[in-house]
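If you want the building blocks of each chain, they are given just below.
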Amino acid sequence: MPEMIQPPIAKIIPKKLKKHKEIRVDNYFWLNDRENPEVIDYLNQENAYYHEKTAHTKDFQTALFEEMKSRIKEDDQSVPYLYNGYYYITRFEKGQDYPIYSRKKESLSAKEEILFNCNEMAKDKPYFQLGALSISPDNKMALFSCDIVGRRIYTIQIKNLEDNTILEDKIENVTGSAVWANDNKTIFYSDQDDVTLRSDKILKHKLGAKQEEDVLVYFEKDETFNVEIAKSKSRKYLAIESGSTLTTEYQILDADNPDGEFKMFQKRVRGLEYSINHYGDSFYIMTNKDKAENFKLMKTSVNKTSKTNWVEVIAHRKDVLLEDIEIFKDFLVVEERENGLNKIRIMPWSGEGEYYLPFESETYTAYTSSNVDFDTDVLRYGYQSMTTPSSIIDFNMKTKIKEVKKEHQVLGGKFDKNNYTEERVWATAEDGTKIPISMVYRKGLKKEGSNPLLQYAYGSYGHSMDATFSSTRLTLLDRGFVFAIAHIRGGEDLGRQWYEDGKLLKKINTFTDFIDCSKFLIDEKYTSPQHLYAEGGSAGGLLMGAVVNMAPELYNGVIAQVAFVDVVTTMLDDSIPLTTGEYDEWGNPNVKEFYDYMLSYSPYDNIVSQKYPNMYISTGLHDSQVQYWEPAKWVAKLRVLKTDDNLLFLDTNMDAGHGGASGRFEAIKELAKEYSFLLDLEKIQK
C-alpha cells in the first residue's frame, strides 16, 4: 500500500556557519554540491518517493493534462507585426512543443520564410530555449542564441537568411542578449561572470572574427550592478544600461558609428533610477529624480543629456505610478497604474485632445504590445481579465476605431465567460493597510466555508501580479475552486510605496499581508483552513516558506516552486548567481542589522517542531536563480522536525532550470502534477 512507503531521510553532517560572532549549524549544507553522487542519489530517492506516493494519481494527472491541452489551439500563431519591410510571425503546429519563427516580405500573402523551427533545433535535447533573435538592418542576417541546459548560459550564432546557412561565428557561455549596429556586420552582446553568472561585460564582435578577438567595450566593476545592451526604437542609438535594484546608468552610441566611443548619458547617483527613449532631437526619460517616488517623465536634448538639463513633461503624482511609455511620430502613449489597475493614456504631441482608453472591469490587465513602428497612428495593445481570454487589439489613435486582431481561443466548446464571476475585495492587514485581492470562481458560489480556494502571490522586486486569464486554471474553477491573487506589499500593485513597504527591513509585511488575506477569505466564508491552499514560486516560494512557519494551521496544502528559502546562507555567498545584485532587495547580511532581520524570517532557519500543511515542492537541478539545494535542504529539515503525517514531496526536474520544462506541453504536465496534488487532497477532505 502507498501509505507504508517511508520517505528518504537525508544524512546529517553538521556544518558550523560563523557570522557576526554567532554560529548557525546547518545539518544539510552538504547537499550544496551537484557533482556529489550522494547528492544526486538523495534527489533521486526523493523523486522515487514522490512518484510512489502519487502512483494512484498518475492516470488522473494524464487526464488533467489532456483536459488542459484540449483547450489550447495547437496550430496557433501570433498576430503578425510589420518591421523594416517584413511581417514577422510566431506560430505553433499541432503536436509540436516549440514555436516556429517566420516572416513574409511586404505582404501577408507573400511566401513564408522560415527563420527558425525550434522543434528541429530542440530535437534530442532534454531542454531547449531560444534566447535573442535579432534581424540585421539589411534583413540578410539573423543573430540568435540558444540555451540547452536551463542555466541561462547561451551560445550566440548567426544565420545567413539568403542561403539558410549558419556562419562559423560562435560566441559561447554568454547571456544570450545581443544587438546589431547599423553597419550589418557589428554585433554588441553582454557576457557574464563564469561563477556568479552576473552580466558584467559588453563586447563587440565583427562578423567572421573569433570570439577571443572580440573587443571589450565595457566592464561593470560594481558587483551589485548588471549590464545589458539595447537599441532604441528609433534605431538611431545603442545604449548600455548598468542597473541595480535602486540605481541606473546609461551610455549611448550612434548606431551608425559602431567603432565610436560610448558617451555617458547621466552618471549613476545612488538612488537615481531612469530609463531613456529617443525621439527626434530629444530623449524622453522616466525617472524618480527629485523624490518622484512613482516616477515622472522628463525630456532633454540629445546633445545635453546630464540631469541638470532634464525638463519635466509629466509631473510626479502621489496616487499614480508611471510604468512605461511608447513613442510614436504623432503620439505619446503612457502606461500608468492607479488604485492597482492598468491605464493607457493617449497624448498627441500637438498637446490637444488627450484621453484614456476605457476599461470597465476591476479584475483586468491591459498593456501595450508589439509597437515597433514609429510612423503609425495604430497602437497595438493587449487586454484580458480573469474571465475574459486575452485579446490583441489594434487601436487607431486618431479615429479611435479599434480592431480586435486576435482573441485567445479556448477550445472544447465548454467555456462560457458568463459562467464565472470575477471580483476584487479588500482585506485589512494587521497594521490597518487595505490589501486588494482579485478573485474568480464559478457563478452560484455559496459562502459557507466549504469551497476549496487557491491563494496565489509573489510580493517581491516591485513585480505587480496582474489579474490575467488562464485556460488551464479552468480545470480548478470547474471543479469548484476559487482562485485568488493577493496583491501584497513587496509588489508595485498600488505604487512604488507598496514595494518599499515590502522589502529590506519591512519584508515581513509581505508575509503578514498574505496571512491576513487568508484570514479574511476564511472569515468571509469563501473557504476554511480545511480547504485553503497557497501557492508561490521563486521569491513567492520564500513567501510560502515563511507563511507555513508563521501560520501553518491556516492551510491544508501548499505548492512552492523553485523556492528561495535559505535566505541568510545564500545572501552571504557572493559566488551564487544574483546574490550581490540582491542586496538592495533583501539587505546585505554582512551588516548585522540585516543579518538579524533576515534570520528572523528565513524559512530554512525558522523550521520548528510543529505541524505543517501538506506540501508539494518543486525545483530544477540546473536552476541558476534559486539553486536546487535550497528546496532540497528545506525538505530534508522539515522531514525531521515536522510533527504531522501530512504529505511532503520534493520533485526535482533533473533536466531543467528556473523556468521548469522548456516545451509548452511539458510545462502543462508540471501543472497537472500540481493540480492533481490539490484535487487529491480535496478528495481526501470530502
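Refer to the structure above for everything that follows.
No experiment lies behind these values; they were computed from the predicted model shown.

Caption draft 1: Structural detail: the pairing of strand 34 (residues 532-537). Taken across its six residues, strand 34 has six buried, putting it largely inside the fold. The alternating pattern of strand 34 places Leu 532, Ala 534 and Gly 536 and Tyr 533, Glu 535 and Gly 537 on opposite faces, both of which are buried. Bridge analysis of strand 32 (residues 453-456) against strand 34 gives four bridges, and the strand direction is parallel. Of the residues in strand 34, the one forming a bridge with Gln 455 is Ala 534. The pairing of strand 34 with strand 35 (residues 557-561) spans five bridges and is parallel. Among the inter-strand pairings, Ala 534 is bridged to a residue of strand 35, identified as Val 558. For the crossover that starts at strand 34, traverses helix 7 (residues 539-550) and ends in the parallel strand 35, the hand is right-handed.

Caption draft 2: View of the packing of aromatic side chains. In the structure shown here, the tally under the stated rule is 35 aromatic pairs. On the numbers, 5.8 Å between centres and 40 degrees between planes, the contact of Phe 481 with Tyr 533 is tilted. A residue pair is termed long-range when its members are at least 10 positions apart, and Phe 481 in the loop between helix 4 (474-477) and strand 33 (482-486) and Tyr 533 in strand 34 qualify at 52 residues. Among the aromatic residues, ring-to-ring pairing joins Tyr 237, Tyr 250, Phe 265, Tyr 274, Phe 283 and Trp 310 into one connected group. Lying across the ring of Phe 665, Lys 69 places its NZ or CZ 4.8 Å from the centre. Positioned over the ring face of Phe 328 is Lys 233, at 4.2 Å from the centre of the ring.

Caption draft 3: Representation of the pairing of strand 22 (residues 320-327) in the model. Here strand 22 lies mainly inside the structure; six of its eight residues are buried. Bridging between strand 22 and strand 23 (residues 331-338) involves seven bridges; their strand directions are antiparallel. In the strand pairing of strand 23, Asp 324 is matched with Glu 335. Here strand 22 folds back onto strand 23, and the loop between the two strands holds three residues.

Caption draft 4: Main features of helix 1 (residues 37-53). Taking 1.5 Å of rise per residue, 17 residues should cover 24 Å, and helix 1 covers 24 Å from first to last C-alpha, within 8% of that figure. Among all positions in helix 1, only Val 39, Tyr 42, Leu 43, Glu 46, Asn 47, Tyr 49, Tyr 50 and Lys 53 are buried. Seen end-on, helix 1 carries its buried residues on one side only, within an arc spanning 160 degrees.

Caption draft 5: How the structure looks around the packing of helix 1 against helix 11 (residues 629-641). Orientation of helix 1 relative to helix 11, taken along the N-to-C sense of each, is 65 degrees, at an axis distance of 12 Å. It follows that helix 1 is roughly perpendicular to helix 11 by the angle criterion. By crossing handedness, the relation of helix 1 to helix 11 is classed as left-handed. Along its contact with helix 1, which presents Tyr 42, Leu 43, Glu 46 and Tyr 49, the element helix 11 presents Ala 632, Val 635, Ala 636 and Arg 639. A class-by-class count of the residues in the contact of helix 1 with helix 11 yields six nonpolar, no polar and two charged.

Caption draft 6: The arrangement of the pattern of salt bridges in detail. Overall, the coordinates contain 50 salt bridges when judged by the stated rule. Lys 204 serves as the salt-bridge partner of Asp 259, at 3.0 Å between the closest nitrogen and oxygen. Within this pair, whereas Asp 259 is found in the loop between strand 16 (248-254) and strand 17 (263-266), its partner Lys 204 is found in strand 12 (residues 199-206), the two being separated by 55 residues in sequence. Residue class for Lys 204 comes out buried when judged on its relative accessible area of 13%. Asp 501 is the partner of Lys 506 in a salt bridge, and the nearest nitrogen-oxygen pair spans 3.2 Å. The network of salt bridges with shared partners includes Glu 273, Glu 492, Arg 496, Glu 500 and Lys 503.

Caption draft 7: Structural view of helix 6 (residues 508-523). Under the 1.5 Å per step criterion, the end-to-end length of helix 6 is 22 Å for 16 residues, consistent within 8% with the ideal 22 Å. Burial within helix 6 is extensive, with 13 of its 16 residues counted as buried. Directly beyond the C-terminal end of helix 6, a positive phi value near 65 degrees is found at Lys 525.

Caption draft 8: Highlighting the nonpolar core. Within the largest apolar cluster, 107 residues are counted, with the highest numbers of intra-cluster contacts made by Leu 31, Ile 437, Phe 514, Tyr 555, Met 615 and Trp 634. Element by element, the count of residues in this core is highest for helix 12 (residues 664-685), at nine residues. When neighbours within four sequence positions are excluded, Phe 514 is seen to be in contact with Gln 455, Tyr 456, Ala 457, Ala 486, Ile 488, Ala 534, Leu 543, Met 544, Val 547 and Tyr 555. Within the second largest apolar cluster, 17 residues are counted, among which are Phe 328, Ala 366, Phe 395 and Met 397.

Caption draft 9: Region of interest: the sheet that holds strand 26 (residues 364-368). With antiparallel pairing, four strands are arranged side by side in an open sheet as 26-27-28-29. Each edge of the sheet is formed by a strand with only one pairing partner; in this case those strands are strand 26 and strand 29 (402-407). The average angle at which neighbouring strand axes cross in this sheet is 25 degrees, direction not considered. Across five bridges, strand 28 (residues 391-396) lies against strand 29 in antiparallel orientation. When the sheet's bridge partners are listed, Ile 393 is paired in strand 29 with Val 404.

Caption draft 10: How the structure looks around the packing of helix 6 against helix 7. Interhelical geometry of helix 6 versus helix 7 gives an angle of 65 degrees and a closest axis separation of 9 Å. As far as their axial angle goes, helix 7 and helix 6 are roughly perpendicular. Helix-helix and strand crossings are classified by hand; for helix 6 and helix 7 the assignment is right-handed. Residues Ile 508, Thr 510, Phe 511, Thr 512, Phe 514 and Ile 515 of helix 6 lie in contact with helix 7, whose contacting residues are Leu 542, Leu 543, Met 544, Ala 546, Val 547 and Met 550. Broken down by class, the residue content of the contact of helix 6 with helix 7 amounts to ten nonpolar, two polar and no charged.

Rules and cut-offs
- Residues numbered from 1 in each chain as written.
- Predicted model: local features only at pLDDT ≥ 70, side-chain atom pairs only at ≥ 80, totals over all residues.
- Heavy atoms only, no water.
- Buried < 20%, exposed > 50% of the residue type's maximum accessible area, 1.4 Å probe, protein only.
- Helix = DSSP H or I, 4+ residues; strand = E, 2+ residues; numbered from the N terminus.
- Pairing = 2+ DSSP bridges.
- Right-handed = clockwise from strand over helix to strand, strands pointing away.
- Phe/Tyr/Trp six-rings, centres within 6.5 Å; stacked < 30°, edge-to-face > 60°.
- Lys NZ or Arg CZ within 6 Å of the ring centre and 35° of its normal.
- Expected span 1.5 Å × (residues − 1).
- Arc of directions from axis to C-beta.
- Axes fitted to C-alpha atoms, helices over the stretch in contact; angles between N-to-C directions.
- Parallel < 35°, antiparallel > 145°, perpendicular 65-115°, else oblique.
- Left-handed = near helix turned anticlockwise from the far one by under 90°.
- Contact = heavy atoms within 4.5 Å.
- Nonpolar A, V, L, I, M, F, W, Y, C, P; charged D, E, K, R; others polar.
- Salt bridge = Lys/Arg side-chain N within 4 Å of Asp/Glu carboxyl O.
- Core = buried A, V, L, I, M, F, W, Y, C linked by side-chain atoms within 4.5 Å.

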